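Commentary on secondary and tertiary structure
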Amino acid sequence: MLTIKNIDKIVGMEYGRYRISSVKDFSNSYSFAVLDTDDKRYFRLDLIKKRSDAGLFRLQYSPSRFFNL
């Protein structure tokens, strides 16, 4: 299983036009709320903790209409 240490230090980091607003540690995934500073819209990225059959971790995207901040 994937473990990210000091996950709270990620909040507030900026990568180009994207800023990480919050991170939640769920039992089977990490959920990142990301602000697109150009569009002023949020979207959500989920990083699944358990590997898939191919041995890779999955990254899922949810547009802001499904994400309520």
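I will try to describe carefully the structure that is included in this document.

Rules behind the numbers
Residues numbered from 1 in each chain as written. Predicted model: local features only at pLDDT ≥ 70, side-chain atom pairs only at ≥ 80, totals over all residues. Heavy atoms only, no water. Pairing = 2+ DSSP bridges. Helix = DSSP H or I, 4+ residues; strand = E, 2+ residues; numbered from the N terminus.

1. Thoughts on the pairing of strand 2 (residues 18-25)
- Note that strand 1 (residues 14-15) and strand 2 share 2 bridges and pair antiparallel. Bridge pairing in strand 2 places Glu14 opposite Arg19.
- Turn length for the strand 1-strand 2 hairpin, with the two strands adjacent in sequence and antiparallel, is 2 residues, and the turn residue Gly16 shows positive phi of about 65 degrees.
- Examined bridge by bridge, strand 2 and strand 3 (residues 29-36) share 7 bridges and lie antiparallel to one another. Following the sheet pairing, Ser22 is matched in strand 3 by Ala33.
- Taken together, strand 2 and the strand that follows it, strand 3, pair antiparallel across an intervening segment of 3 residues.

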